[in-house]
Amino acid sequence: MTNSHTLIDVKFSDKKSGKGRTCVLPVFSDKELSPSAKAIDKDGRRFISDYLKDQSSFKGNKGQTLLITGAKGADYRNYLLIGMGKGDELTPYDTECVGGHAWKFLSSIAENDITLDLNEWGKAKAKIADDVMGPGFATGMQLAAYTFNDYKSKKEDKKSDKKKTLTVLLSKSKSAGNTYKEAEQGIRGTFFARDLVNMPPNVLYPDAYAKIIQKRLKPLGVKITVLDEKKMDKLKMGALLAVGQGSVNPSRLVIMEWDGRTGKKSKKDRPLGFVGKGVTFDTGGISLKPGAGMDEMKMDMGGSAAVVGLMETLARRKAKSYVVGVVGLVENMPDGKSYRPGDIITSMAGKTIEVMNTDAEGRLVLADALTYIQREFDPEFIVDLATLTGAMMVALGYEYCGSFVNNDSLWEKMEKASKTSSEKLWRMPLDEQWRKEMESSTADLQNLGSVGRYAGACTAAGFLENFIDEGRVWAHMDIAGTAFIKSPKPTAPKGGTGFGVRVLNDVIKHNYE
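Parameters at a glance
Residues numbered from 1 in each chain as written. Predicted model: local features only at pLDDT ≥ 70, side-chain atom pairs only at ≥ 80, totals over all residues. Heavy atoms only, no water. Helix = DSSP H or I, 4+ residues; strand = E, 2+ residues; numbered from the N terminus. Buried < 20%, exposed > 50% of the residue type's maximum accessible area, 1.4 Å probe, protein only. Contact = heavy atoms within 4.5 Å. Areas by Shrake-Rupley, 256 points an atom, 1.4 Å probe, with all protein chains shown as cover. Salt bridge = Lys/Arg side-chain N within 4 Å of Asp/Glu carboxyl O. Pairing = 2+ DSSP bridges. Core = buried A, V, L, I, M, F, W, Y, C linked by side-chain atoms within 4.5 Å. Axes fitted to C-alpha atoms, helices over the stretch in contact; angles between N-to-C directions. Left-handed = near helix turned anticlockwise from the far one by under 90°. Nonpolar A, V, L, I, M, F, W, Y, C, P; charged D, E, K, R; others polar. Polar contact = N/O pair within 3.5 Å; in protein donor to acceptor, adjacent residues only side chain to side chain.

A.B. asks: What am I meant to see in the overall build of the protein chain here?
C.D. replies: On a plain count of helices and strands, the protein chain comes out with 15 helices and 20 strands. Principal axes of the C-alpha set define a box for the protein chain whose edges measure 80 × 55 × 40 Å. Going through the 513 residues of the protein chain one by one, you find that 58% of them count as buried. Long-range pairs, those at least 24 residues apart, make up 78% of the contacts in the protein chain between residues at least 6 apart in sequence. In the structure as shown, the protein chain presents an accessible area of about 21700 Å², 48% of it carried by carbon and sulfur atoms.

The structure is reproduced here in structure tokens:
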């Protein structure tokens, strides 16, 4: 894998960087120029404002772009006007999206030296500060610049593949640079997660996945432990093993430990726990999925990819925290050895589960992984991530991640991180009724709710809640709609998004270091 790197060199400066470059200038709604654009317009005898008078289509709406050739004697060859929308409504999420839109245009031109001019930003109507705007714009450009072409035999000579440099001009260049430097580690972790989701399933099967994790994270100081099927069988992980028993590719459980604590360490210190569903390909098993669109089921390990990407981010930025990530890696295939509807299996927790549908497999993988991390590490809290239900996509589409959280304090931290990271979360309800609906008449539990597909995301969360110790702080993030997109967004191309890495990194950074 060669794509987990940034394509743009980003610099922050309080001084102009010279002539012969393309300069990006923010423009607000109704063609209102930013302070830096106004200054340049004035020096150039109003060449920007005069040009805008003849442009009826460009109004300064979010993401709109317009390229203008610089006036005679101007500091820059070209000026790219980028629409910001209403300044008083601008959010960190908007700044990233605007950066993504700018990249879409800039990647198509030959100019490789780009400047974003935020000089005198304090005079702008925007409430967002320049040392937030600058890093946000750069982050959006970086996220939009991601490509995945490892499996193309001929590398196309595209202008967008050429190395570009972005220099951000603002007064608080030092603080902005430090902010971006931390954000860049989250970008790298996000890119790694995207790479994993985008990899073909004949390359990324459980054992190969485990080896990739070892190769990538061990040199960064992350302790890696891999459990094979024999070890998992000893631990009586009957739920996870049942899902993978129809595949020729044996299942794996990978444990990742990052300990960045400084000072005296105590064995009583409890880690932060993260668990990810890693179904490297999901046919649905005996309850076979329809053939149309099944190729997308390589993304059913998106939860595990987010946890792996998070661990890389923490290690790269040397987070001062103690964190454990556990991912259950399986392949769900139809075979004579596959588990069947009607089977009753026994989980690591000792609870029996009646299999109603073999395509409700992710919750079985998570059940044993959740039990393992609680028994072995007794974490302060657990957040699990999974591309778990189509019902969540019906509810929230591709925009928000439905999050089931049993603790208000943890949710407040997640909600705040959602705003700072631009990864959108929406709290969903946990209710005892949904736990009851997962009870079976012939076993302790069943893997589908008694009301079928109604409230499917909620009953799935209710199933998982049965495997959370009493009093344990826990959140379940159903990333079915946010981990993989069919159409590009401003900051993410079609395919894997790496959703979850940045929001969880912010939860840790702002609360547990």
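Now that the structure has been shown, the text picks up again.
A.B. asks: Sorry, what's going on with the pattern of salt bridges here?
C.D. replies: When the charged atoms of two side chains with opposite charge come close together, those side chains can pair. With the rule as written, the count across this model stands at 32 salt bridges. D94 is the salt-bridge partner of K62, the closest N and O atoms lying 3.2 Å from each other. Here K62, found in the loop between α2 (47-53) and β4 (65-69), pairs with D94, found in helix α3 (residues 92-106); they are 32 residues apart in sequence, far enough to count as distant. Judged by relative accessible area, K62 falls into the partly exposed class, the value being 42%. Notably, a salt bridge pairs D300 with K277, separated by 3.0 Å at the nearest N-O pair. In this pair, D300 is assigned in the loop between β10 (272-282) and α9 (302-316) and K277 in strand β10, connecting sequence segments 23 residues apart. Each member of the pair, D300 as well as K277, carries the same accessibility label: buried.

A.B. asks: Which parts of the structure should I look at to understand the sheet that holds strand β12 (residues 344-346)?
C.D. replies: Each strand in a sheet pairs with another by means of backbone hydrogen bonds, the pair being arranged parallel or else antiparallel. With mixed pairing, the three strands of this open sheet are ordered in space as β12-β13-β17. Looking at the sheet topology across the chains shown, the edges are occupied by β12 and β17 (445-446). Inspection of the sheet shows strand β13 (residues 352-354) paired to β17 by two bridges, in the parallel sense. Bridge pairing links E354 to Q446 in β17.

A.B. asks: Quick question: what am I supposed to make of unusual backbone geometry here?
C.D. replies: Trans peptide bonds make up most of the peptide bonds, and negative phi angles are found at most residues other than glycine. Of note in the backbone geometry, R46 takes a positive phi value of approximately 60° without being a glycine. Within the secondary structure layout, R46 lies in the loop between α1 (35-43) and α2. One non-glycine residue, D378, lies in the positive phi region at around 45°. Mapping D378 onto the fold places it in the loop between α10 (362-377) and β14 (381-386).

A.B. asks: So what exactly am I meant to see when it comes to the environment of N466 here?
C.D. replies: Of note, N466 is situated in the loop between α14 (456-465) and β18 (473-478). Linking N466 and A367, residues 99 residues apart in sequence, is a C-alpha distance of 8.5 Å. Discounting residues that sit within four places of it in the chain, N466 has contacts with K351, R435 and L445.

A.B. asks: Whenever I open this one, the nonpolar core confuses me. Can you help?
C.D. replies: What tends to happen in soluble globular proteins is that the nonpolar side chains get buried as a cluster. Counting residues in hydrophobic clusters, the biggest one holds 56 residues, and the most contacted among them are M256, F274 and M477. It is α9 that provides the largest number of residues to this core, a total of eight residues. Every residue in contact with F274, bar those within four places of it in the chain, is listed here: V307, L310, V323, V324, G325, V326, I373, F381, V383, L504 and I508. Counting residues in each nonpolar core, the second largest holds 41 residues, with A239, L253, Y322 and M348 among its members.

A.B. asks: What should I look at first to understand the pairing of β14 in this one?
C.D. replies: For a regular strand, side chains alternate in direction, first toward one face of the sheet and then toward the other. Taken across its six residues, β14 has six buried, putting it largely inside the fold. Side chains F381, V383 and L385 project from β14 onto one buried face, and the interleaved I382, D384 and A386 project onto a second face that is buried too. The pairing of β10 with β14 spans five bridges and is parallel. Residue pairing across strands places G273 opposite I382, the latter belonging to β14. Bridging between β14 and β18 involves six bridges; their strand directions are parallel.

A.B. asks: Please explain the packing of helix α12 (residues 408-421) against helix α15 (residues 501-511) as it appears in this structure.
C.D. replies: Two numbers describe a pair of packed helices, the interaxial angle and the distance between the axes. The geometry of α12 relative to α15 is characterised by a closest axis approach of 8 Å and an angle of 115° between their N-to-C directions. For the crossing formed where α12 meets α15, the hand is right-handed. Of the residues in α15, those touching α12 at K413, M414, A417, S418, T420 and S421 are R502, V503, D506, V507, H510 and N511. Residues belonging to the contact of α12 with α15 are distributed by class as follows: four nonpolar, five polar and three charged.

A.B. asks: Just checking my understanding: could you explain the sheet that holds strand β16 (residues 425-428) for this structure?
C.D. replies: Read from one edge of the open sheet, eight strands run β8-β9-β11-β10-β14-β18-β15-β16, paired in mixed fashion. The open sheet is flanked by β8 (223-227) and β16, the only strands paired with a single partner. Each neighbouring strand pair of the sheet contributes to a mean axis angle of 20°, computed without reference to strand direction. In the packing of α9 onto the sheet, the strands contacted are β9 (252-259), β10, β11 (322-332) and β14, and the crossing angle to β10 comes to about 135°.

A.B. asks: Is there a simple way to think about the side chain of D41 in this case?
C.D. replies: Looking at the element boundaries, D41 is found in helix α1. Within the structure, the side chain of D41 is placed 2.8 Å from the side chain of S49, a separation counted as a polar contact. Setting aside residues up to four positions removed in sequence, D41 forms contacts with L33, R46, F47, I48 and S49.

A.B. asks: I'm lost on the pairing of strand β2 (residues 22-28) in this one. Help?
C.D. replies: Summarising burial for β2: seven of the seven residues are buried, a large majority. Relative to strand β5 (residues 78-83), β2 is paired through six bridges, and the arrangement is parallel. Bridge pairing links P26 to I82 in β5. Across three bridges, the pairing between β2 and strand β6 (residues 113-117) is parallel. Among the inter-strand pairings, C23 is bridged to a residue of β6, identified as T115. Here β2 runs beside strand β3 (residues 32-33); their pairing, made up of two bridges, is antiparallel.

A.B. asks: I tried to follow the side chain of N198 on my own but got confused; where do I start?
C.D. replies: With respect to the helices and strands, the residue N198 is situated in helix α5 (residues 173-198). Residue classification places N198 among the buried positions, given a relative accessible area of 9%. Engagement of the side chain of N198 in a polar contact is seen with the side chain of Y146, the distance being 3.2 Å. Residues within four places of N198 in sequence aside, it is in contact with Y146, F148, K298, F484, G495 and G496.

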